[in-house]
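# Observations on chain architecture
In case you want the letters, here they are:
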Amino acid sequence: MNNTRNEQYQIALDELDLALKGDFLPTYIYSYPPKRSYRELDLGTTVRELWANDHSDEINIYLHIPFCRYRCTFCTLFLTTRHDDAERDRYVDALVAQIRRRPTGDRERFVKSVYFGGGTPALLTPSQFDRIMAALRESFPSISSDTEVTMEGTPDAFAAMDLAVLRGAGVNRLSIGLQTLDPEQLRRSGRPYSTDIVAPVIKAVAAAGINHLNLDLIYGMSGEGVQSWVDSLEGVLDFSPTTLSLYPVVVRPESTLDRLRQNGRAAETPEKSLYELYDIAEAILTSRGYRQESFTRFTKAASGYLQEESDFSGTPLIGFGAGARSYTSEVHYSTDYAVARKETSDIIAAYIECQLGKGEELATHGIALTKEERQRRFAILNMTLGRMCGDRYRSLFGGDLRADFARELDAMIVRGCATIDGETVRLTSKGYKMSSAIGKLFFTGRVEALERAYVGR
Ligand SMILES: C[S@@+](CC[C@H](N)C(=O)[O-])C[C@H]1O[C@@H](n2cnc3c(N)ncnc32)[C@H](O)[C@@H]1O
Ligand code: SF4
């Protein structure tokens, strides 16, 4: 271990101590390595060859639909708001071609979950959605009525959709990004609909027989006070969702919200207030019978989000579409990524051209994982879900979790963030709250440096 590594560890430890005092809240961890550590890849390998080296029997599927009607002020996801019927149709042609080509090879892999993310996949027409599902079923015959199939979208997009058709086509989990029920916060987030549409949409979800409903809320967007947050929370609890995902706002330099804040036109929410809003939510949700699954997620289901759980425990992910990430055991890759309009449109156009052409798809952007990074990925992601299992670690990597991460685990235990029971490390309630800062203790120097050096466009 070199000095840089020790220095980096010390910085992460200092930040954890700041977080414990409520003075620092790093971005929540939703993957490792994070997308901002991806760079141009020069492996000289096709996507098919990457999958030939992945011997797993199970797989998760993610489809990215990069179209929205508007861009919310906080959002830096990969999407365009400039599209028409013809372009969406061509995009679906490209998706279907990519799925039919079976980049994962002929090896039969059991599909654990399918996720339509975006963007706003709820903008697909029923016939576009049917074409994609038919291609998926053809290429992945293990997809059945038991497979978790999720579609995410905004309330206004779902309001315009026939949810019974979605259910009929296999969607059994809906994830609706509400973000807030406070009309003023909603207006400031750049969303052009009224909160009045939310209740009828939720009613329609139940009427269509979609039993798993996840609702997303964001806190701390724009000088939101405690009362506004409690009202949003109480309001969503009236809808009895199966799962709630609650995100502290992340303000990236590429977002409109960042520009508004720089110009003094949107209020900042101090770290301490974000933790206060988190504490309020945790107390309310646990008192209403929700089980905490991670820093952001609370559920009444056996699993609030099977795709994430199985991804974090090591099941590979095949992504279809521009901007979709794919994780083989050794390489994480995606298309190029951008937020700016022109760059995004160019990337989508290049994706369509590549998939509708005859050539083999190459992994052009991403990161190759060393064994150490795979071990760290396992530790970080399982930690965020509250449990690191030493037996599973040994079966995957042949090592001893407690010995390999003695320093990180000690730091967690001494601070009351974790307990150890035999081979299993468990987060305490304080540990869940600190999990974004704890995760940083485990980052490799390379990933940390790549993420820090990322320049958005
Ligand atoms: C993949 S996103 C988009 C979902 C969907 N298009 C929508 O907006 O309803 C999933 C969730 O991440 C959260 N999210 C997106 N950008 C965020 C940001 N900058 N800060 C915090 N949470 C964010 C939102 O709650 C969002 O619903
Ligand atoms: S938050 Fe959702 S609806 Fe808003 S721009 Fe991002 S992906 Fe589109």
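Residues numbered from 1 in each chain as written. Chains lettered and ligands numbered in written order. Predicted model: local features only at pLDDT ≥ 70, side-chain atom pairs only at ≥ 80, totals over all residues. Heavy atoms only, no water.

### Let's talk about the overall build of the protein
- Counting its regular elements, the protein contains 20 helices and 16 strands.
- A globule of 457 residues ought to have a C-alpha radius of gyration of about 23 Å, and the protein, at 21 Å, matches this closely.
- Counting every position in the protein, which comprises 457 residues, the buried fraction comes to 58%.
- Within the protein, residue pairs in contact and separated by at least 24 positions form 77% of the contacts whose partners lie at least 6 positions apart.
- A total of about 18,800 Å² of accessible surface is found on the protein, and carbon and sulfur atoms cover 50% of it.
- Separation of charge centres in the protein, based on 55 positive and 62 negative side chains, amounts to 1 Å. (Helix = DSSP H or I, 4+ residues; strand = E, 2+ residues; numbered from the N terminus. Rg over C-alpha atoms; globule rule 2.2 N^0.38 Å. Buried < 20%, exposed > 50% of the residue type's maximum accessible area, 1.4 Å probe, protein only. Contact = heavy atoms within 4.5 Å. Areas by Shrake-Rupley, 256 points an atom, 1.4 Å probe, with all protein chains shown as cover. Lys, Arg positive; Asp, Glu negative; His and termini not counted. Charge placed at Lys NZ, Arg CZ, Asp CG, Glu CD.)

### Section: the site of ligand 2
- Taken together, the neighbourhood of ligand 2 is formed by Cys68, Tyr70, Arg71, Cys72, Phe74, Cys75, Leu77, Leu79, Gly119, Thr120, Thr154 and Arg191.
- Here the shell around ligand 2 is composed, by residue class, of 7 nonpolar, 3 polar and 2 charged. (Near = heavy atom within 4 Å. Nonpolar A, V, L, I, M, F, W, Y, C, P; charged D, E, K, R; others polar.)

### Examining the pattern of salt bridges
- Counted under the stated rule, the structure contains 30 salt bridges.
- For aspartate 89, the salt bridge goes to arginine 131, with nearest N and O atoms at 3.7 Å. Taken together, the residues span a long stretch of sequence, with aspartate 89 in helix 3 (residues 85-100) and arginine 131 in helix 4 (residues 126-139) at a distance of 42 residues.
- When its relative accessible area of 30% is taken as the criterion, arginine 131 is described as partly exposed.
- Arginine 297 is the partner of glutamate 308 in a salt bridge, and the nearest nitrogen-oxygen pair spans 2.9 Å. Of this pair, glutamate 308 sits in helix 12 (residues 306-312) while arginine 297 sits in strand 9 (residues 297-299); the two residues are 11 residues apart in sequence, bridging distant segments of the chain.
- With a relative accessible area of 3%, arginine 297 lands in the buried category. (Salt bridge = Lys/Arg side-chain N within 4 Å of Asp/Glu carboxyl O.)

### Focus: the sheet that holds strand 16 (residues 424-427)
- Within the open sheet, the 3 strands sit side by side as 14-16-15. Their pairing is antiparallel. Two strands bound the open sheet, and with one partner strand each, they are strand 14 (387-389) and strand 15 (418-421). Between one strand axis and the next, the sheet turns by 15 degrees as a mean value, whatever way the strands run.
- For strand 15 and strand 16, the ladder comprises 4 bridges, and the chain directions are antiparallel. By the bridge assignment, threonine 419 is partnered in strand 16 with arginine 426.
- Sitting on the sheet, helix 17 (residues 406-414) is in contact with strand 14, strand 15 and strand 16, with an inclination near 115 degrees to strand 15. (Pairing = 2+ DSSP bridges. Axes fitted to C-alpha atoms, helices over the stretch in contact; angles between N-to-C directions.)

### Quick word on the packing of helix 14 (residues 371-384) against helix 15 (residues 390-397)
- At a closest axis distance of 11 Å, the pairing of helix 14 and helix 15 adopts a crossing angle of 160 degrees. Classified by the angle between their axes, helix 14 and helix 15 sit roughly antiparallel to one another. Pair helix 14 / helix 15 crosses with right-handed handedness. Contacts between helix 14 and helix 15 pair Lys371, Arg374, Gln375 and Phe378 from the former with Arg392, Tyr393, Leu396 and Phe397 from the latter.
- Residue composition of the contact of helix 14 with helix 15, by class: 4 nonpolar, 1 polar and 3 charged. (Parallel < 35°, antiparallel > 145°, perpendicular 65-115°, else oblique. Left-handed = near helix turned anticlockwise from the far one by under 90°.)

### Quick notes on helix 4
- A rise of 1.5 Å per residue sets the reference length of helix 4, with its 14 residues, at 20 Å; its end C-alpha atoms lie 20 Å apart and thus fit the reference within 8%.
- The set of residues buried in helix 4 consists of Gln128, Phe129, Ile132, Met133, Ala135, Leu136 and Ser139. Along the axis of helix 4, the buried residues cluster in a sector spanning 160 degrees; they form a single face. (Expected span 1.5 Å × (residues − 1). Arc of directions from axis to C-beta.)

### Overview of the site of ligand 1
- Contacts to ligand 1 come from 17 residues, most closely from Gly119, Gln179, Arg191, Asp216 and Val250.
- Here tyrosine 28 contributes a side-chain N or O atom positioned 3.4 Å from a nitrogen atom of ligand 1.
- The separation between a nitrogen atom of ligand 1 and a polar main-chain atom of valine 250 is 2.9 Å.
- The protein chains hide 87% of the 560 Å² of surface that ligand 1 would expose on its own. (Polar contact = N/O pair within 3.5 Å; in protein donor to acceptor, adjacent residues only side chain to side chain.)

### Let's talk about the packing of aromatic side chains
- Applying the stated rule across the entire model yields 16 aromatic pairs.
- When the centroid spacing of 4.9 Å and the interplanar angle of 10 degrees are considered together, the rings of tyrosine 278 and phenylalanine 295 count as stacked. Residue tyrosine 278 is located in helix 11 (residues 271-287), and its partner phenylalanine 295 is located in the loop between strand 8 (291-292) and strand 9; the two are separated by 17 residues in the primary sequence. Neither tyrosine 278 nor phenylalanine 295 differs from the other in exposure class; each is buried.
- Taken together, a centroid distance of 5.6 Å and an interplanar angle of 55 degrees make the contact between phenylalanine 378 and tyrosine 393 tilted. Separated by 15 residues along the polypeptide, phenylalanine 378 in helix 14 and tyrosine 393 in helix 15 bring together distant segments of the chain. Comparing phenylalanine 378 with tyrosine 393, the two get one shared label, buried.
- An aromatic cluster is built from Phe378, Tyr393, Phe397, Phe405 and Phe442, whose rings are joined through pairwise contacts.
- Its end group placed over the ring of tyrosine 290, lysine 300 keeps NZ or CZ at 4.7 Å from the ring centre. (Phe/Tyr/Trp six-rings, centres within 6.5 Å; stacked < 30°, edge-to-face > 60°. Lys NZ or Arg CZ within 6 Å of the ring centre and 35° of its normal.)

### Thoughts on the confidence of the model for the protein
- Confidence in the prediction of the protein, expressed as mean pLDDT, is 94, and 99% of residues score 70 or more.
- Element-level pLDDT for the protein is lowest in helix 20 (residues 445-453), with a mean of 89, against a maximum mean of 98 in strand 2 (residues 58-65). (pLDDT = per-residue confidence, 0-100.)

### Quick word on the pairing of strand 2
- Taking burial as the measure, the 8 residues of strand 2 include 7 buried ones, the bulk of the element.
- Relative to strand 3 (residues 110-118), strand 2 runs parallel, the two sharing 8 bridges. By the bridge assignment, glutamate 58 is partnered in strand 3 with phenylalanine 110.
- In this fold, strand 2 hands off to helix 3, which returns the chain to strand 3; that crossover is right-handed.
- With 4 bridges connecting them, strand 2 and strand 10 (residues 317-320) associate as parallel partners. If you follow asparagine 60 over to strand 10, its bridge partner there is leucine 317. (Right-handed = clockwise from strand over helix to strand, strands pointing away.)

### Overview of the packing of helix 14 against helix 19 (residues 435-442)
- One way to put it is that helix 14 packs onto helix 19 with a least axis distance of 9 Å and a crossing angle of 170 degrees. By the angle between their directions, the pair helix 14 and helix 19 is classed as roughly antiparallel. Counting all contacts with helix 14, which are made through Arg376, Ala379, Ile380, Met383 and Thr384, the residues of helix 19 involved are Ser435, Ile438, Gly439, Leu441 and Phe442.
- The residue makeup of the contact of helix 14 with helix 19, split by class, is 6 nonpolar, 3 polar and 1 charged.

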